[in-house]
Structures are given as C-alpha cells and as structure tokens.
Amino acid sequence: ATAPAFLSIWDMHAYYGESYIVQGINFNVHEGEILALLGRNGAGKTTTLRAIARMDDPQVSHGEIWLDHQPLHTMSSYQASQAGLGLVPEDRSIIPGLTVEENLKLAQIAPPIGWSIDRVYDLFPRLRERRTQEGVTLSGGEQQMLAIARALCRDIKVLLLDEPYEGLAPVIVDEIEKTLSIIKEQGITTILVEQNAVRALKLADRAVILDTGGIVFDGLASEVLENEQLRAEYLAI
Ligand code: ATP
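Residues numbered from 1 in each chain as written. Predicted model: local features only at pLDDT ≥ 70, side-chain atom pairs only at ≥ 80, totals over all residues. Heavy atoms only, no water.

Core analysis: the largest hydrophobic core is formed by 49 residues, its most contacted members being Leu104, Leu127, Ile148, Leu152, Leu159 and Leu180. Of all hydrophobic cores here, the second largest spans 29 residues; its members include Ala51, Ile65, Leu67 and Leu160. (Core = buried A, V, L, I, M, F, W, Y, C linked by side-chain atoms within 4.5 Å. Buried < 20%, exposed > 50% of the residue type's maximum accessible area, 1.4 Å probe, protein only.)

Right, dumping it as structure tokens:
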C-alpha cells in the first residue's frame, strides 16, 4: 500500500443551499509543494478552498479531507485552523482599528503559535516599517502581505491563498512570489488559487484545473504551460 498523501481530498461535494457547486472531487497535495488550483470564473475554486478550511459556507455533504492523518472533515473551521490550515481569503480580512502589529499579535493569542513577529517582519520588511500603521490603511499589496504574515503567526502546515495577486501591480506580485518561495523553503505547503494562471503555473510545482465543479486536469504545472489546448479550453490563456 502507498502512504496516504499529506493533504488528501476524497470525493468532496459542496453546496450553497440548493446550488450544487463542487461535484465530487479527488486530489492530493504533497508536503512542501505549491499547488495551483485554477479554472474559469465560477469554476468552484473559492468554494473548494472554503470547503477544505471547513467554513460554514459552503455545506460539504459528502467526502473526506485528511491533513497529515487528521480528519479535517470532522472538524469545525476553528479546529481545522488549530490542525494547521491557514486560509487567506480574497478580501484579506484585515481587522479595522488595529495596527499592523496588533493584527499579527491577535493571530498569536491561541496556541499553537507559529512564527514570531520578528520572523514575519524579516520576511516582509515593509510590514516592519509600517508596524504602527492601521492595517486597513495599507496598500493592497501590503494588506496581502499582512494577511499572509498573520497566517504564519499561527502554526500552519498548509497555506490556502485565494487570488493573492488580484489588483496588484506586477512588481508587487514579484515581491509576493518571492516570499511564497521562501515560505515553501520553510516546508509549508501552499494551495494557490489565481486568475493570473501563467504566473501561478510558473511558480507552482503541480496544478489542478476545475471546470464546472469537477477536475479536468491534475498534473505538473509545466505540463499545463506546454499544453495549448488545455490552456485555451479551461484557462483562456
Ligand atoms: P472566481 O474566479 O470568479 O472567484 P471560483 O472558481 O472561485 O470563481 P466560486 O467562487 O467557488 O468560483 O463559485 C462557484 C459557484 O458558486 C459560482 O457559480 C458562484 O456564483 C456560486 N457561489 C459562490 N458563493 C456563493 C454563495 N455564497 N451562495 C450561492 N452561490 C455561491
């Protein structure tokens, strides 16, 4: 028998009310890799991330999710975060009225605590410079950095990133990409949902492509870059 994958999604179905969105998907994520989760608008990428993170919405009707031998499918979103999942939502969810540093400290109130605040400042020097600034007044790129930094302040094994490059200038995307590579070197596994498929594929080790709630590709990111038909049909690139 083969060893179970580090993160394994098995026959997962997810709904918003009566809307059947994720229609029985299976995929594995290997420890320490960056997996790009791609597909057109409405394909079900955000829904898949939220389902893995055990958010209240969508409702997962069926299937199993295992992280490092822990059954996430039996857990609440809070328990899943304690088990090592760090979801960075598309809206970044910076807490108003708190400084950069207070946003980070808040992430460290419950054990298990992850990176120290100094260590995340070493990764994001811009945040150190702006530690006393209110978090919601940061630029879009800086807010994205803060959202990632906050996830690292908890002891995460898997980072779930929902469209981190959205609305950011290419030079800021370069900066965030570099930090994602450093985070990978530290052994953290990442699932990257991105509309900017070319950039995501160049960074990622592997890719999963969703289309209308099902998986149409699961393989090496480089294979997608080389496959014009796949790119045109499912990614419009
Ligand atoms: P995008 O790139 O546009 O964000 P996506 O692949 O992330 O797309 P999802 O956000 O997962 O797609 O949405 C999948 C489907 O679920 C869409 O048809 C969307 O309208 C629907 N949906 C998303 N959120 C809800 C909700 N809260 N209630 C009802 N339907 C929803």
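All of the buried residues along helix 3 (residues 100-107) are Val100, Glu101, Asn103, Leu104 and Ala107. All buried residues of helix 3 fall inside an arc of 160 degrees around its axis, so they share one side. In the core, the buried residues of helix 3 are packed alongside helix 4 (117-123), helix 5 (125-129) and helix 6 (140-152). (Helix = DSSP H or I, 4+ residues; strand = E, 2+ residues; numbered from the N terminus. Arc of directions from axis to C-beta. Contact = heavy atoms within 4.5 Å.)

Let us now look at the UniProt feature "domain: ABC transporter" (unreviewed entry) in the chain. Mapped onto the present numbering, the UniProt feature "domain: ABC transporter" (unreviewed entry) falls at residues 7-237. Structurally, residues 7-237 is divided into 36% helix and 28% strand, and its ends, taken at the C-alpha atoms, are 29 Å apart. (UniProt positions renumbered as here; feature names shortened; annotations may be inferred.)

The environment of the ligand is made up of Tyr16, Ile21, Arg40, Asn41, Gly42, Ala43, Gly44, Lys45, Thr46, Thr47, Glu163 and Gln195. In the environment of the ligand, an oxygen atom lies 2.8 Å from a nitrogen or oxygen atom belonging to the backbone of Gly42. Isolated, the ligand exposes 640 Å² of accessible area, and the fraction of that covered by the protein chains is 59%. No other element matches helix 1 (residues 45-52), which puts 3 residues into the shell around the ligand. Residue composition of the shell around the ligand, by class: 3 nonpolar, 6 polar and 3 charged. (Near = heavy atom within 4 Å. Polar contact = N/O pair within 3.5 Å; in protein donor to acceptor, adjacent residues only side chain to side chain. Areas by Shrake-Rupley, 256 points an atom, 1.4 Å probe, with all protein chains shown as cover. Nonpolar A, V, L, I, M, F, W, Y, C, P; charged D, E, K, R; others polar.)

Let us look at helix 7 (residues 170-185). For helix 7, built from 16 residues, the straight-helix expectation of 22 Å at 1.5 Å per residue is met to within 8% by its first-to-last C-alpha distance of 23 Å. Here helix 7 has its buried residues at Ile172, Val173, Ile176, Glu177, Thr179, Leu180 and Ile183. On an axial view of helix 7, the arc spanned by its buried residues comes to 165 degrees, and they lie on one face. Away from its buried face, by an angle of more than 90 degrees, helix 7 presents the exposed residues Pro170, Val171, Lys178 and Glu185. Tucked inside the fold, the buried residues of helix 7 contact strand 3 (34-38), helix 4, helix 5, helix 6, strand 7 (158-162) and helix 8 (197-203). Following helix 7 by one or two positions, Gly187 adopts a phi angle in the positive range, close to 95 degrees. (Expected span 1.5 Å × (residues − 1).)

Another aspect to go through is the packing of aromatic side chains. Each pair of aromatic rings is reported with the distance of its centres and the angle of its planes. Tallied over the full model, the rule gives 1 aromatic pair. Taking the centre distance of 4.8 Å and the plane angle of 20 degrees together, the rings of Tyr15 and Tyr20 count as stacked. Exposure remark for Tyr15: the relative accessible area of 27% places this residue in the partly exposed category. For the cation-ring pair, Arg119 lies above Trp115, with the distance from its terminal atom to the ring centre recorded as 3.8 Å. (Phe/Tyr/Trp six-rings, centres within 6.5 Å; stacked < 30°, edge-to-face > 60°. Lys NZ or Arg CZ within 6 Å of the ring centre and 35° of its normal.)

It is worth spelling out the side chain of Lys45 at this point. The topology assignment puts Lys45 in helix 1. Buried and unpaired, Lys45 has no salt bridge, with Glu163 as the nearest side chain of opposite charge at 5.0 Å. Ignoring sequence-local partners within four residues, the contact set of Lys45 consists of Leu37, Leu38, Gly39, Arg40, Val193, Gln195 and Leu210. (Lys, Arg positive; Asp, Glu negative; His and termini not counted. Salt bridge = Lys/Arg side-chain N within 4 Å of Asp/Glu carboxyl O.)

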